[in-house]
Structures are given as C-alpha cells and as structure tokens.
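# Geometric and topological summary
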Amino acid sequence: MRLKLTLGFLAAVLALPLFAAEDLPSALRRSKFLLNGSMPTDSEFVTEAASKDAYKAAVRTFVEDDHFYDSVLRYHERVLGVGLPEDYMEELLRDDIDGKQEKFASISCGRFKESQGRFNCTWTSNVRNNKGTGCPQAWEKPVSVFWYPKIVAWVCPSVVNACGQDLSKCFIQSLEKEEARNSELGTTEAFDSRFAVMRSLSRQAAGLATAVAIENYPYTKILEPGLTAVDGAIAHFYSQQHHFRINELDLDPEVITILNNTALTDTRYKLLKTTASDVNTGGILSTFGWLRRYDKNRTRGNELYKRLLCRDFTSDLPRVFPQDPGNLRETEGCKGCHSTLDPLADFFKAWGEGADLYSGRQALVQTSFANKNGATLSDLANIVRGDEAFATCTVQNVWYWLMGRKFYTDEGSLRTALTTYFTTSKYSFRELVYAIATHPAFLDGTRSDGLVSDPLTAPPLGKVPEATVTTCNKVYTYAADIAPHQALCTGCHSAGSTTRQSLTTETQWAIWANTAVQMMGSGQMPPGPSNSQVQTLKKAVQCWKEQNP
C-alpha cells in the first residue's frame, strides 16, 4: 500500500506544470547573493521566504539597495569586457608616448635620506636619477595630499605649480607603508595612482552602463550621443593637461569643468552629458576605455555585434587562401562576414586606430548597417539601440546572469514576453532584473540544470515584421526564384566548405530547405541584417519546398 501511494504521489508530482516546484529559500539565497553580494540572515529566511509576495518584496529591496551597484558593475564588466591591451598598460607606465613627448607629470613620495625625516614629494625623474628633492629645503612648501589628508608633504614650488595644493593633478607613487596603506585607491601598502587610472579606464564602458541602470534611465541611453561616464581616477587622468595631449582626445570643455570637482577617491562612475551632443560619440562606443581596449575598427564592430546584438561573425576560409585577398567584402570565403563587418567598422573611422586615437578626428565615410545608412558613431548608436535585437540581446544577457544558463528552444515565447516587458517598461534594467528574479523559472530547479543542449538561436537583426503564415502567390522554381539569390549564402556554404553544408545545387537546397528557412527567419543565416533580399529568398525557399514536398 505504501509503495502504491508513493508511486501515485510521484506520478502526481510529475504531472504538475513545469514551473510548479517553488523553492523560495533557495531563490532568496541566490537572488540576494547575485544582486547584493551577501547572504540572507536567519530572520530574513523566515520572513522573506514565507510567501511568494514576501519574496517579491524582498527582491524589490535588493534592486533598490546600495550594494546593487557593485553587482551591476560586475555584470557589465562580463558583458561589455574589461581590461586594456598589454601595450597600452606599458604605455601608461612610460614617461612618454611613442617616444615623442612627455606624457605624465609623476611624483614620488616618501621619507628620503636628504629630506631629514620629513615626508617629501618630488619629481619621479629626480628620484630615478638620484637628484634629491630638486630644490633647497628652504624653498619647500607644505601641502596636503589628496589620498590621505592628515599628512603634510613638503614639495618644491615647481611641484605645487604643476600638481596643485593637494597634488591631485599629478600621478603619485608612494612607497611609505604607514601613509600609503591608508589610501582608498589600492589594497597594498605601496601604490601608484596610474594603476587606479588604468583600472577605471579599462571598465569605463561598464561603468557608464552601470550608472544608466542604477539611475533607472532607459537602457538605450548607454548608446546616447554626447554621454560619457567618469569616476575619480578618470577625472584625475583627464586633468593631466600639462604632460599629456588631453586636448587631442576631443574632450568637451564642459566636461573638464565638471571634473574639477571630482576627487580621485570617488570610485563610482557618474554620467556626464554635454550640452551639445557630439555626432562622433555614441555612449559606451566612444568611451576611451572601449576605443582603446578594442583599438581596431573591425574589432570594435565585431565586439559591438557580439556583445550588444548577441551575434557572431563566423565563416569558412577557402582551402587555398590567396596571398593578396583584395577587397574582403567581395572575396569568396570572406564576403559572408566582411560584407557586413567592414561597413560596420567604417562607423568608427573618425576616431582612428591604436595610437591614432590621440591624433584628432579622421575623415568620415558614408556607410550602412542593418539596412540603414549613416556616417557618424551617433548614427550607428541610434541604429543599434532602435533595433529589436538590442533589446532581445539584453534580455538574453540578464537571463544568463541570473539563471546560469541560456534560454531553451521551447522558451522562445518566454524570451519574447520578457523582451516585450523590457521595452514596455521603458527599457528599465531594474525592472528586467526584477521580472527574471521573480519568474517561476528562477524559483524552481530549472535555473541551471546543466541540460543546455538546445539553446535558442541568436535574436534576429534588423527584424522586419511579417505574417506568421507565408502566402505563396505564384509557382516557385529553383532556377527562377532561388538560384539568383543563393549567393547570399554561398559565401559560407560553398562547394569547397569543410564544415558547412554546401548550398550550390537544387538537390542540396531540397534537402536543407526547412533548416535554411528556420535559420534565415532567426537572422542566423546569412551573417548580417535580415534585409529584404534575405526575406525574398526565405519566402522563395519556403514556398518552393511546400509546392515540392
């Protein structure tokens, strides 16, 4: 009897809907850790996991908590990337740039032998070349130090003139254990403020997106022309005008004025919007951190494509690659990606690549992306944030962050519903996080069951609304309706491809027609926008297959 009851109970449980097994204590533990970086207390488990309504109220407090900032910043570091190229790290530590001119005003602080026990700050070059403090002790003046105001430092007049009364206009290297360990900038006893600058610049794009999310602005604002974000270290970096060509970074004078009141110890990013929007800016795309991290135009375009639209450029190289491939937008084996990637990269041309970033603006070129024309980075930013793929990709990224897995194929309607919710909530990042963290999928065991063998395809790019049922208004043939357009696909699916199915003959299209229709419908094939030509080919293949089953 007990066995029968047990089996009957098990059958009843298995018959329940997919999202029925709510585990509120586990969901509370996960959500607070992910959103606030801490674990619930015993009393919070009792009160906030008592009911679904209590749990929802708790999640609401999590997304409004001050600790939410740090969690969102870590999320954006993963999604947008963090770090700078190794050559730029070395460049920041040199006293010149490309061997052409002085870059930084750098001073070293400590109790040097010739200072007779006083805390001195002197030019780093003096320390390196054993030139002492640089001036007679009688000339030295007492100043405060911005990283630890209780200390009085003695400096030469030239240091005061260049670095200011609190020395905040120069890069500081301090080796004093007692003084330096009190700094809010580093975790070691010895610190160099240039490392604080490198760290902040490397995640400037993530900082801008985080500030937008925390302020609960529409998330599309991360691509708003004229908008940037700085923290204390970046403000410190931008104030180095006497030894670094800041004027050639095209900073608006209004930004410099705002930065004068920003302390180096201010570790949170704040948004800055100039009065006149610069057409060559596009939010995160024009931050120094993004442009210097991804210092080639094609790389910038590819990273945008991958990180903001959840798509990848992938193609097969020909078996014998020509020594001079010529125009990659037209070369077999290359054009499948470069016909989209290269015009996308052209939007970044105004900024220049690598060290040319310091050389002022370059000439613009007319280009296009997702069937929309433009020339400036603001044009590109507006194209991307106005595309449904941007909203869908944001939903996918947040879902992956909170759920620990991608969407399953049968969750396509759920992804669509969350995307609709995201857009109708005025692109509120907070509301999207709340919606996912309180969704039944988050509350039960499907959060990360490790069975992601069938994830959803990438979101369509340049999506054109169309009826769900295709109307075949004529008799379709391979020769007349498919062959003339199949060059859209043969860039990747050529006869010589080793990893992709060839689509060059009528027999091959007959075998793979249904798969091709599905991939074109999702925007996955061919790489790039789901433009009118692709839609025409998709309809032709679908109707041809229906008429010739």
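Everything here concerns the structure above.
Residues numbered from 1 in each chain as written. Predicted model: local features only at pLDDT ≥ 70, side-chain atom pairs only at ≥ 80, totals over all residues. Heavy atoms only, no water.

Take the packing of helix H2 (residues 24–36) against helix H4 (residues 52–64) next. In the contact formed by H2 and H4, the axes pass within 10 Å of each other and the chain directions differ by 5°. By the angle between their axes, H2 is roughly parallel relative to H4. Along the contact surface, H2 presents Leu24, Ala27, Leu28, Ser31, Lys32, Leu35 and Asn36, while H4 presents Lys52, Tyr55, Ala58, Val59, Phe62 and Val63. The class makeup of the residues in the contact of H2 with H4 is nine nonpolar, two polar and two charged. (Axes fitted to C-alpha atoms, helices over the stretch in contact; angles between N-to-C directions. Helix = DSSP H or I, 4+ residues; strand = E, 2+ residues; numbered from the N terminus. Parallel < 35°, antiparallel > 145°, perpendicular 65-115°, else oblique. Contact = heavy atoms within 4.5 Å. Nonpolar A, V, L, I, M, F, W, Y, C, P; charged D, E, K, R; others polar.)

Moving on: the packing of H4 against helix H20 (residues 429–437). To characterise two packed helices, one gives the angle between the axes of the helices and the distance between these axes. Viewed as axis vectors pointing N to C, H4 and H20 meet at an angle of 150°, and their least axial separation amounts to 10 Å. Note on packing geometry: the crossing formed by H4 with H20 is right-handed. Residue-level inspection shows Tyr55, Lys56, Val59, Arg60, Val63 and Glu64 of H4 in contact with H20, the latter providing Arg430, Glu431, Val433, Tyr434 and Ala437. (Left-handed = near helix turned anticlockwise from the far one by under 90°.)

As a further point, take the state of the cysteines. Here the structure, examined in full by the defined rule, presents three disulfides. Covalent S-S linkage joins Cys109 and Cys121, the inter-sulfur distance amounting to 2.1 Å. The S-S bond linking Cys109 to Cys121 shows a torsion near 110°; that makes this disulfide right-handed. Of this pair, Cys109 sits in strand S3 (residues 106–110) while Cys121 is found in strand S4 (residues 120–123), placing the two residues twelve residues apart along the sequence. One exposure class covers both Cys109 and Cys121, and it is buried. Through a disulfide, Cys310 is tied to Cys393; the S-S separation comes to 2.0 Å. Looking down the S-S bond of the Cys310 and Cys393 bridge, the torsion is 80°, so its handedness is right-handed. Residue Cys310 is found in the loop between helix H15 (297–307) and helix H16 (335–346), and its partner Cys393 is found in helix H18 (residues 388–403); the two are separated by 83 residues along the sequence. The exposure class of Cys393 is buried, given its relative accessible area of 0%. (Disulfide = S-S within 2.5 Å. Buried < 20%, exposed > 50% of the residue type's maximum accessible area, 1.4 Å probe, protein only.)

Quick look at H4 now. Between its terminal C-alpha atoms H4 stretches 19 Å, which fits the 18 Å expected from 13 residues at 1.5 Å a residue. If you check which residues of H4 are buried, you get Tyr55, Ala58, Val59, Phe62 and Val63. Buried residues of H4 fall within an arc of 135° about the axis and therefore sit on the same side. Those residues of H4 that are exposed and aimed more than 90 degrees away from the buried face are Asp53 and Glu64. Structurally, H4 contributes buried residues whose contacts are with H2, helix H3 (42–48), helix H5 (68–80), H20 and helix H21 (440–443). (Expected span 1.5 Å × (residues − 1). Arc of directions from axis to C-beta.)

Before going further, it helps to spend a moment on unusual backbone geometry. You will see that Asn216, though not glycine, has its phi angle at about 60°, which is positive. Looking at the secondary structure, you find Asn216 in the loop between helix H11 (204–214) and strand S9 (227–230). Judged by relative accessible area, which is 38%, Asn216 ranks as partly exposed.

Glancing now at the pattern of salt bridges. Counted under the stated rule, the structure contains 13 salt bridges. Linking Lys32 and Glu44 is a salt bridge whose minimum nitrogen-to-oxygen distance equals 2.9 Å. Note that Lys32 is positioned in helix H2 and Glu44 in helix H3, a separation of twelve residues in sequence. Take Lys32 and Glu44: they sit in the same class, and that class is buried. (Salt bridge = Lys/Arg side-chain N within 4 Å of Asp/Glu carboxyl O.)

The biggest cluster of nonpolar side chains holds 90 residues, and the ones touching the most others in it are Leu285, Phe369, Leu380, Trp401, Leu402 and Phe429. Formed by 19 residues, the second largest nonpolar core is a distinct cluster that contains Val145, Ala153, Cys163 and Cys170. (Core = buried A, V, L, I, M, F, W, Y, C linked by side-chain atoms within 4.5 Å.)

Right, let's get into the pairing of strand S6 (residues 152–155). Here S6 shows a buried face lined by Ala153 and Val155 and an unburied face lined by Val152 and Trp154. Relative to S6, strand S5 (residues 141–144) is paired through four bridges, and the arrangement is antiparallel. Note on S6: the bridge partner recorded for Val143 is Ala153. (Pairing = 2+ DSSP bridges.)

With that settled, consider the packing of aromatic side chains. Applying the stated rule across the entire model yields ten aromatic pairs. Seen from their ring centres, Tyr219 and Phe390 are 6.2 Å apart, and the 15° between their planes marks the pair as stacked. With Tyr219 in the loop between H11 and S9 and Phe390 in helix H18, this pair connects stretches of sequence that are 171 residues apart. Residue classification places Phe390 among the buried positions, given a relative accessible area of 1%. Judged by centre distance (5.3 Å) and plane angle (80°), the rings of Phe422 and Tyr427 are edge-to-face. Here Phe422 falls in the buried class, since its relative accessible area comes to 0%. Of the aromatic side chains, those joined through ring pairs into one cluster are Tyr75, Tyr219, Phe390, Trp401, Phe422, Tyr427 and Phe429. Its guanidinium or amino end placed over the ring of Tyr217, Lys221 lies 5.1 Å from that ring's centre, counting from NZ or CZ. Taking NZ or CZ as reference, Arg405 lies 3.9 Å from the ring centre of Tyr408, over its face. (Phe/Tyr/Trp six-rings, centres within 6.5 Å; stacked < 30°, edge-to-face > 60°. Lys NZ or Arg CZ within 6 Å of the ring centre and 35° of its normal.)

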